[in-house]
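Inside the fold
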Amino acid sequence: MTAHVPAAGGTPIIEAEGIGRDFTRSEGPLFRRRRRTVTAVRDVSFRVAAGEIVGYLGPNGAGKSTTMKMLTGILSPSAGRLRVTGLEPARQRTRLAARMGVVFGQRTTLWWDLPLRDSLALTRHMYRVPARDHARRLAELTEILELGSFLGTPVRQLSLGQRMRGDLTAALLHDPALLVLDEPTIGLDVVSKSTIREFLLRLNAERGTTILLTTHDLGDVERLCRRVMVIDHGRLAFDGDLAALRDSAPSPRTLVVDLAAPVEPIEVAGARTVRVQGARQWLELAGNPATVIAEVARGYSIADLTLQEPDIEDVVARLYRRERTAPEPSVG
Ligand SMILES: Nc1ncnc2c1ncn2[C@@H]1O[C@H](COP(=O)(O)OP(=O)(O)OP(=O)(O)O)[C@@H](O)[C@H]1O
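Note that the structure is predicted; figures quoted are calculated from it, not measured.

Rules used throughout
Residues numbered from 1 in each chain as written. Predicted model: local features only at pLDDT ≥ 70, side-chain atom pairs only at ≥ 80, totals over all residues. Heavy atoms only, no water. Helix = DSSP H or I, 4+ residues; strand = E, 2+ residues; numbered from the N terminus. Areas by Shrake-Rupley, 256 points an atom, 1.4 Å probe, with all protein chains shown as cover. Lys, Arg positive; Asp, Glu negative; His and termini not counted. Charge placed at Lys NZ, Arg CZ, Asp CG, Glu CD. Domains from an automatic or database assignment. Buried < 20%, exposed > 50% of the residue type's maximum accessible area, 1.4 Å probe, protein only. Pairing = 2+ DSSP bridges. Core = buried A, V, L, I, M, F, W, Y, C linked by side-chain atoms within 4.5 Å. Contact = heavy atoms within 4.5 Å. Near = heavy atom within 4 Å. Polar contact = N/O pair within 3.5 Å; in protein donor to acceptor, adjacent residues only side chain to side chain. 1 Å grid on protein atoms, 1.4 Å probe; cavity = no way out; pocket = protein on both sides within 12 Å on 5 of 7 lines; lining within 4 Å. Sits in = over half its atoms within 2 Å of the grid points. Nonpolar A, V, L, I, M, F, W, Y, C, P; charged D, E, K, R; others polar. Phe/Tyr/Trp six-rings, centres within 6.5 Å; stacked < 30°, edge-to-face > 60°. Lys NZ or Arg CZ within 6 Å of the ring centre and 35° of its normal.

1. Observations concerning the overall build of the protein chain
- A count of helices and strands for the protein chain gives 10 helices and 13 strands.
- Roughly 16800 Å² of accessible area belongs to the protein chain as shown, and the carbon and sulfur atoms make up 50% of that amount.
- Here the protein chain contributes 45 positively and 39 negatively charged side chains, and the mean placements of these two sets differ by 9 Å.

2. Thoughts on the domain arrangement of the protein chain
- For the protein chain, the assigned domains read domain 1 (14–99 + 176–247) and domain 2 (252–309).
- A separation of 41 Å is found between the C-alpha centroids of domain 1 and domain 2.

3. Let's talk about the pairing of strand β10 (residues 254–259)
- Counting buried positions along β10 yields 6 of 6 residues, so the element is predominantly enclosed.
- By the alternation rule, side chains of β10 split into Thr254, Val256 and Asp258 and Leu255, Val257 and Leu259, which are all buried.
- Relative to strand β13 (residues 302–308), β10 runs antiparallel, the two sharing 6 bridges. Bridged to Leu255 within β13 is Leu307.

4. A look at the nonpolar core
- Formed by 43 residues in total, the largest nonpolar core has its most connected members in Leu120, Leu168, Leu179, Phe199, Leu200 and Leu245.
- Residues contacting Leu120, with those up to four places away along its chain left out, are Leu110, His134, Leu138, Leu147, Leu151, Gly166, Thr169, Ala170 and Leu173.
- Within the second largest apolar cluster, 25 residues are counted, among which are Ala16, Val41, Leu212 and Ile231.

5. Here we look at the site of the ligand
- Close to the ligand lie Phe23, Arg25, Ala40, Pro59, Asn60, Gly61, Ala62, Gly63, Lys64, Ser65, Thr66 and His216, which account for all nearby residues.
- One of the side-chain nitrogen or oxygen atoms of Arg25 is found 3.3 Å away from an oxygen atom of the ligand.
- With respect to the pocket detection grid, the ligand is positioned in the second largest pocket.
- Top element by residues in the shell around the ligand is helix α1 (residues 64–72). It accounts for 3 residues.
- Looking at the shell around the ligand residue by residue, the classes come out as 4 nonpolar, 6 polar and 2 charged.

6. Some points on the packing of aromatic side chains
- Under the counting rule described, the total for this entry stands at 1 aromatic pair.
- Centre to centre, the rings of Phe46 and Tyr56 are 6.3 Å apart; their planes meet at 40°, and the pair counts as tilted. Of the two residues, Phe46 sits in strand β2 (residues 34–48) while Tyr56 sits in strand β3 (residues 53–57), which places them 10 residues apart along the sequence. Taken as a pair, Phe46 and Tyr56 share a single burial class, namely buried.
- Over the face of the ring belonging to Phe104 we find Arg107, whose NZ or CZ atom lies 4.5 Å from the ring centre.
- The ring centre of Trp282 lies 4.0 Å from the NZ or CZ of Arg275, which sits over that ring.

Here you go:
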């Protein structure tokens with residue numbers, strides 16, 4: 001990819017100040033229906049600077065899709081102020097589309113019956129990209145994402161991984177400043193996931209493209225996101241880097257002990273044995289690892305030791321559990 005220098009300083013790519021979104025639902029039996037207001041997103045504030053990769057995480061129903069719909073202009077906020085590349089998404093949706101690429105992992109924007117090549121050609125007219133720029137970008141993306149062997153295949157016959165590469169190309173042919181991805185690796189095999197992740201990192205490094213993604217795949221988070229935002233019950237529960245997320249919802253580290261031979265569960269101060277499998281035991285650490293290791297070494301014959309950091313999955317799950325004590329969506 002040809003190098004792209006992001007504009008220095010200037011406006012953040014995304015500015016959300018106290019944004020919220022309510023929905024009204026009719027509930028109850030037919031003749032006693034009541035209207036109920038559900039707050040899907042409440043008082044969410046954040047900024048995303050040019051060149052960041054940010055993960056937007058949260059359990060089902062937390063408000064991720066609602067936020068994404070506000071960012072892309074499909075929904076307008078019921079409260080607060082939102083600007084994306086300086087534009088007001090719901091009011092300036094067409095102008096915003098020229099600066100933003102959107103990919104939903106569960107849906108395609110490609111024409112199902114057309115060869116991939118024709119679908120990609122049509123995006124040129126949608127975004128009014130000059131023919132030469134379009135041809136150059138298409139050649140670059142075809143090479144990097146290795147689309148060559150299936151450009152002539154109708155989209156309906158593509159594998160999920162091929163289709164995702166096609167969707168990413170369609171979202172990037174107009175060279176947007178911001179790429180918004182909703183579950184970009186959902187359903188993909190390990191190799192396809194890795195291809196997509198490496199491509200996104202390269203896109204960000206070489207073109208400075210800002211990326212905001214929702215995902216339930218913690219591999220995506222660990223590989224891609226320097227910064228994560230966690231939303232729960234419509235509120236922003238955390239915004240910071242991955243290391244800070246680990247600190248904010250501490251999870252114990254685990255000491256994996258390979259013994260010379262199987263023995264009864266190890267008993268030492270500062271640790272709790274949580275699993276035994278043959279000569280291997282897993283100890284959840286409460287105290288200082290060095291002290292625990294010394295204790296274990298004193299009392300047992302050790303073949304090998306490893307210290308496991310808490311899994312990010314574990315950390316996020318703990319954070320959700322903590323936030324679960326937050327108030328339920330308001331009823332109006
Ligand atoms: N059009 C709508 N009408 C009424 N309620 C809605 C509407 N869209 C979303 N909601 C409600 O708002 C809340 C947040 O939903 P949202 O789809 O934003 O969650 P999510 O974090 O994207 O979940 P998932 O991971 O399952 O996609 C939920 O309680 C949902 O039922």
